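Take a look at the letters that make up each chain.
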Amino acid sequence: MTERITGKTRLTGLLGSPVTHSISPMMHNEAFKELGLDYAYLAFDVGTDKLEAAVEGLKVLNVRGFNVTMPDKNLMCSLCDHLSPAAEIIGAVNTVVNEDGVLTGYTTDGIGYMMSVKDAGYDVIGKKMTIFGAGGAGTSILVQAALDGVAEITVFNRRTPFFERAEQIIGKLKEQTNCRIRLYDYEDESVLRREIGESTLLTNATSLGMAPNVEKCILKDASMLHPGIVVSDMIYDPKETRLLRMAREAGCRTFNGMYMLLYQGAEAFRIWTGQQMPVEHIKEKYFQ
């Protein structure tokens with residue numbers, strides 16, 4: 001890495017806490033190296049209490065851009081001069097580009113998911129999908145799917161503050177898209193069965209089933225699934241959750257959240273550099 005640093009090297013990076021586990025520095029620096037771009041990517045442990053000061057410092061240093069992860073995504077919205085349509089609807093930012101001190105915030109998580117659907121060989125545009133969870137990942141997927149042209153989306157979530165937030169987001173989406181969107185809680189099993197039965201794609205955007213709690217599952221059993229539905233899980237540790245195993249054994253096609261991570265990073269890379277990340281090379285090196 002150090003042999004690539006010059007007096008003209010543009011800095012990119014990651015703000016959040018914690019960040020030491022992140023694969024983003026390896027992924028982006030490898031992509032810069034592969035394409036011969038004079039950029040570098042570093043991770044900085046910055047919580048919400050220091051975020052404004054850190055962002056002001058990065059502007060002074062004229063960094064090209066940066067990613068934002070938890071717990072900073074929501075606060076970052078108020079620190080940007082402009083927001084992408086998806087970031088404005090969601091109220092969260094995970095990618096920022098700096099143009100001469102003017103910061104524009106994007107959310108690339110939903111784009112990453114929609115690209116991972118395409119990468120897995122499936123087409124949900126003009127069709128119906130069901131999403132479990134209305135937290136950060138769930139709403140990012142919901143917003144991008146609606147903006148991209150998914151015809152109908154059903155969201156299930158417990159009646160938590162996320163439920164109320166999802167209602168507000170859905171209201172904005174109904175004003176801006178033609179997507180038919182419904183929000184339910186999990187209590188009515190007949191509704192759950194009906195919506196899954198009508199869907200082409202089922203997505204788990206909750207943390208149920210994530211390591212170390214690998215035996216947890218959002219569905220009690222496979223009786224609600226049908227062989228024509230594709231089942232995806234945003235979790236990638238373990239690579240096959242109990243939900244995906246259940247779906248596979250029921251004859252469904254499945255994929256996990258690993259490539260969502262790849263493609264959300266690829267979109268940030270494109271925003272900063274104007275070039276496409278060499279995703280096949282990055283896949284081979286870090287995502288096998």
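Residues numbered from 1 in each chain as written. Predicted model: local features only at pLDDT ≥ 70, side-chain atom pairs only at ≥ 80, totals over all residues. Heavy atoms only, no water.

### What about the layout of surface pockets?
- Of the voids in this model, the largest pocket is the one considered here, and its volume is about 1100 Å³.
- In terms of lining residues, the largest pocket is bounded by 32 residues, among which Thr 69, Lys 73, Asp 109, Tyr 236 and Leu 261 are the most central.
- Where the lining of the largest pocket is concerned, the elements lending two or more residues are β3 (65-68), α6 (136-148) and α10 (258-273).
- No other element matches α10, which puts four residues into the lining of the largest pocket.
- Of the residues assigned to the lining of the largest pocket, the class counts are 17 nonpolar, twelve polar and three charged.
- In this structure, the second largest pocket spans a volume of roughly 250 Å³.
- Along the walls of the second largest pocket sit 14 residues, with Tyr 186, Glu 189, Leu 192, Ile 218 and Lys 220 positioned nearest its centre.
- Here the residues of the lining of the second largest pocket sort into seven nonpolar, one polar and six charged. (1 Å grid on protein atoms, 1.4 Å probe; cavity = no way out; pocket = protein on both sides within 12 Å on 5 of 7 lines; lining within 4 Å. Points joined across faces, edges and corners; volume = space filled by probe spheres on them. Helix = DSSP H or I, 4+ residues; strand = E, 2+ residues; numbered from the N terminus. Nonpolar A, V, L, I, M, F, W, Y, C, P; charged D, E, K, R; others polar.)

### Examining empty space enclosed by the protein
- Within the structure shown, the criterion is met by one cavity of 30 Å³ or more.
- Reported here for the largest cavity is a volume of approximately 40 Å³.
- For the lining of the largest cavity, the secondary-structure elements that each account for two or more residues are β1 (10-16) and β3.
- At five residues, β1 tops the list of elements feeding residues into the lining of the largest cavity.
- Residue classes in the lining of the largest cavity are distributed as seven nonpolar, three polar and no charged.

### Remarks on the sheet that holds strand β12 (residues 253-255)
- Within the open sheet, the six strands sit side by side as β9-β8-β7-β10-β11-β12. Their pairing is parallel. Edge positions in the sheet fall to β9 (180-184) and β12, since each has one partner strand and no second. Strand-to-strand twist of the sheet, defined as the mean angle between neighbouring strand axes without regard to direction, takes the value 15 degrees.
- Relative to strand β8 (residues 152-156), strand β7 (residues 128-132) is paired through five bridges, and the arrangement is parallel. Bridge pairing in β8 places Lys 128 opposite Glu 152.
- The sheet strands contacting helix α9 (residues 242-249) are β10 (201-204), β11 (230-233) and β12, and the helix crosses β11 at an angle near 165 degrees. (Pairing = 2+ DSSP bridges. Axes fitted to C-alpha atoms, helices over the stretch in contact; angles between N-to-C directions. Contact = heavy atoms within 4.5 Å.)

### A short note on the pairing of strand β5 (residues 95-99)
- Summarising burial for β5: four of the five residues are buried, a large majority.
- Alignment of β3 against β5, held across three bridges, turns out to be antiparallel. Bridging across to β5, Asn 67 finds its partner in Thr 95.
- Where β5 and strand β6 (residues 102-106) come together, five bridges link them in antiparallel fashion. Bridging across to β6, Asn 98 finds its partner in Leu 103.
- Where β5 hands over to β6, the hairpin turn is made up of two residues, of which Asp 100 adopts a positive phi near 55 degrees. (Buried < 20%, exposed > 50% of the residue type's maximum accessible area, 1.4 Å probe, protein only.)

### Remarks on the sheet that holds β6
- Taken together, six strands build an open sheet; the order of strands is β2-β1-β3-β5-β6-β4 and the sheet is mixed. A single partner strand is all that each edge strand has here, and the edge strands are β2 (39-45) and β4 (82-83).
- Sheet strands in contact with helix α1 (residues 24-35) are β1, β2 and β3, and its direction is about 170 degrees off that of β2.
- This element, helix α2 (residues 48-60), spans β1, β3, β5 and β6 of the sheet and lies at about 175 degrees to β1.

Don't take any of this as a statement about function, it's just geometry.
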